[in-house]
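# Observations on the three-dimensional arrangement
Letter by letter, the chains look like this.
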Amino acid sequence: MNEYDTNRIYDIAKSINYKKTNELSKADCYVLNTCHIREKATDKVYHDIGRIKKNFKDKKKPIVIVTGCVAQAEGDILLEREKYIDAIIGPQSFHNLNQIIKNIEKKSLRENSTSFDVKEKFDTLNNFKNSDSSVSSFLTIQEGCDKFCKFCVVPYTRGAEFSRPTKELIEEAKDLAKNGAKEITLLGQNVNAYSHDQQKLSTLISRLSEIKDIKRIRYSTSHPKDFTKDLIEAHKSTNKKLMPLIHLPVQSGSNNILQEMNRKHTVQDYLEIIDKLKAVNPRVKFSSDFIIGYPGETENDFNDTLNLLNKIEFINCFSFIFSPRPGTPAAKLTEIDYNVSKKRLTIFQKTAEKIKLKYKKSLFNKTTLVLFENKTKIKNEFFGRDEYWNPVIVKTKQNLKGKLREVKITGGNQNTLYGEIDEKLKERDFAA
Ligand code: SAM
Ligand code: SF4
């Protein structure tokens, strides 16, 4: 979501003549867009500002703005401790960016803008065309969260659940398609809680599937509690545009821990959703998020998590040691020994990597459909992703950007697959 926000922050600043630059020591305005989901984010802000200061030691000070969830959660402290920061802007206030920049330029005013004006934000953003021209683009459809898992900062930094109007999303998706997008990933902290005027995520997907140039649709991140029947039905193999990889965070394989976390679902609920999805579409596969070493996690709880990992054989896992986030209920709990958590994380990740490698090897010598996104730094190499979001690299002299091609997988490792294109095969066309 920060990537989407960063693009939109640029769209806003562009209207007052700011341009992106790769020459970091020459910029006259820095916007540091931050994430607060795990530790070290605040340290990174101070570190980045230290680098900017060093670059500008003998030059005019640039404007320095901190946006995102660190700004929301720790704005006052940042402004107090680091005088080099000109403004703090929360994730629901960045539509005010241009006014804030003008105030800094004219009056050297320091500002702290962290109110939750999410509707006003999107209403304002609609005045700025989304200029993202990536083959695979993000589209934020929902923000915030009402679930209050005990470990998570999102309800405090992004605020309550908010869904954008469907009409506005279709317009933005059409703009992205005009810019060259072939794939759209619908984003939300709780994307499947999307609801606006009787429209749900399933109906939105079906409306977006009508846009001819959009060939692939994904969504992230879902919560098991909101995995409704209509969304399961949307995965029927008849919808060729909705990709068969479902990212469904479970966090733990132990019901005790899930309850402690206030997740509002059990392991059995989770397994039931998976079974139902496989019943409507046997091609679906799953990826997930896990928190290891949550306060109170016993060896048995951890083994339950390992068992779940082995049972589902997730093709991709994001796993993190529990990080106490200031202001969340879990931050007050007694942490378990860090070395125990570290050991468990290593065991978990090794198991997950083994599963991933076995899966990747099962793709060798098979043909898969790849959407190509860009050239790599190596001559005549193109990067793309298959339906399951697996990175695929091929050697070719053709310009494949934005093309869907059948690729024969010739090898690879747990991260990247390598393949070759049957140059005679025509681009496969998808029915809308
Ligand atoms: N809404 C999604 C869900 O319900 O699972 C997750 C979104 S959360 C912004 C992204 C991921 O960050 C979570 O799935 C969780 O694994 C991880 N995460 C969040 N808070 C964390 C914490 N305090 N410590 C470690 N990992 C955390
Ligand atoms: Fe955070 Fe997801 Fe829980 Fe909401 S549902 S509080 S975003 S982990």
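Report follows, based on the coordinates.

The rules behind each value
All residue numbers refer to positions counted from 1 along the written sequence of the respective chain. Throughout, the order in which chains and ligands are written sets their labels, letters from A for the former and numbers from 1 for the latter. Reporting of local features is limited, given that this is a predicted model, to residues whose pLDDT is at least 70; pairs of side-chain atoms are given and counted only at 80 or more, and all residues count toward the totals for whole chains, interfaces and linings. Side-chain metrics in this entry use all non-hydrogen atoms of the structure; hydrogen atoms and water are not considered. Summary of the distance rule: residues count as near a molecule or strand when at least one heavy atom falls within 4 Å of that molecule or strand. Each residue is assigned to one class: nonpolar for Ala, Val, Leu, Ile, Met, Phe, Trp, Tyr, Cys and Pro, charged for Asp, Glu, Lys and Arg, and polar for all the others, Gly among them. Within 3.5 Å is the distance limit for a polar contact, defined as a pair of N or O atoms, with the added protein rule that one can donate a hydrogen and the other accept it, and that residues adjacent in sequence qualify only through two side-chain atoms. Per-residue accessibility takes into account occlusion by the displayed protein chains alone, with areas from the Shrake-Rupley method and a 1.4 Å probe. Secondary structure counts use DSSP, requiring at least four H or I residues in a row for a helix and at least two E residues in a row for a strand, with both numbered from the N terminus. Working rule for contacts: check all heavy atoms of both residues, and any pair within 4.5 Å makes them a contact. The term salt bridge refers to a pairing of a side-chain nitrogen on Lys or Arg with a carboxyl oxygen on Asp or Glu at a separation within 4 Å. In this scheme, a residue with accessible area under 20% of its type's maximum is buried, one over 50% is exposed, and one in between is partly exposed, where area comes from a 1.4 Å probe on protein chains only. Note on aromatic pairs: the rings of Phe, Tyr and Trp (six-membered ring only in Trp) are paired at centre separations within 6.5 Å, and the planes decide the class, stacked below 30 degrees, edge-to-face beyond 60, tilted for the rest. In this analysis the charged atom, NZ for Lys or CZ for Arg, is taken to sit over a ring once it is within 6 Å of the ring centre and within 35 degrees of the ring normal. Side-chain atoms within 4.5 Å link the members of a nonpolar core, which is a set of buried Ala, Val, Leu, Ile, Met, Phe, Trp, Tyr and Cys residues.

### A word on the site of ligand 2
The immediate surroundings of ligand 2 are formed by C145, K147, F148, C149, F151, C152, V154, P155, N190, H223 and R263. Of the residues in the shell around ligand 2, the class split is seven nonpolar, two polar and two charged.

### Focus: the site of ligand 1
The environment of ligand 1 is formed by 17 residues, the closest being Q189, Q251, R263, D289 and S323. Contact distances for ligand 1 include 2.7 Å between an oxygen atom and a side-chain N or O atom of Q251. Within the side chain of D289, a nitrogen or oxygen atom sits 2.6 Å from an oxygen atom of ligand 1. Considering ligand 1 on its own, with 560 Å² of exposed area, one finds that the protein chains cover 90% of that surface. Listed by contribution, the elements that provide at least two residues to the shell around ligand 1 are β13 (285-292) and β14 (316-321). Residue composition of the shell around ligand 1, grouped by class: eight nonpolar, five polar and four charged.

### Quick look at the side chain of S288
Among the structural elements, S288 can be located in strand β13. Polar side-chain contacts of S288 include one of 3.0 Å to the backbone nitrogen of V250. Apart from the residues within four sequence positions on either side, S288 is in contact with H247, L248, P249, V250, Y270, F314, N316, C317 and F318.

### Regarding the pattern of salt bridges
Overall, the coordinates contain 25 salt bridges when judged by the stated rule. Between D48 and K44 there is a salt bridge; the shortest N-O distance is 3.9 Å. Separated by four residues within a single helix, D48 and K44 lie in helix α2 (residues 41-55), roughly one turn from each other. The exposure class assigned to K44 is exposed, which follows from its relative accessible area of 54%. Here R385 and E373 are joined by a salt bridge, their closest N and O atoms 4.0 Å apart. With R385 in strand β16 (residues 381-385) and E373 in strand β15 (residues 367-375), this pair connects stretches of sequence that are 12 residues apart. Residue E373 is classed as buried on the basis of its relative accessible area of 16%.

### Here's the deal with the packing of aromatic side chains
With the rule as written, the count across this model stands at nine aromatic pairs. When the centroid spacing of 6.0 Å and the interplanar angle of 5 degrees are considered together, the rings of F122 and F162 count as stacked. With a gap of 40 residues between them, F122 in helix α5 (residues 118-125) and F162 in strand β7 (residues 162-163) connect regions that are remote in the sequence. Judged by its relative accessible area of 17%, F162 falls in the buried class. Taken together, the ring pairs connect Y270, F290, F314 and F348 into an aromatic cluster. When the ring centre of Y10 is taken as reference, the NZ or CZ atom of K20 above it lies at 4.5 Å. The ring of F56 has K59 lying over it, and the distance from NZ or CZ to the ring centre is 5.1 Å.

### Description of the nonpolar core
Counting 65 residues, the largest nonpolar core has L186 and Y219 as its most contacted members. The dominant element in this core, judged by the number of residues it contributes, is helix α11 (residues 267-280), at seven residues. When neighbours within four sequence positions are excluded, Y219 is seen to be in contact with T185, L186, V191, L201, I205, F227, L231, H235, L242 and I246. Among the nonpolar cores identified, the runner-up in size contains 19 residues, and Y18, A87, I89 and L125 belong to it.

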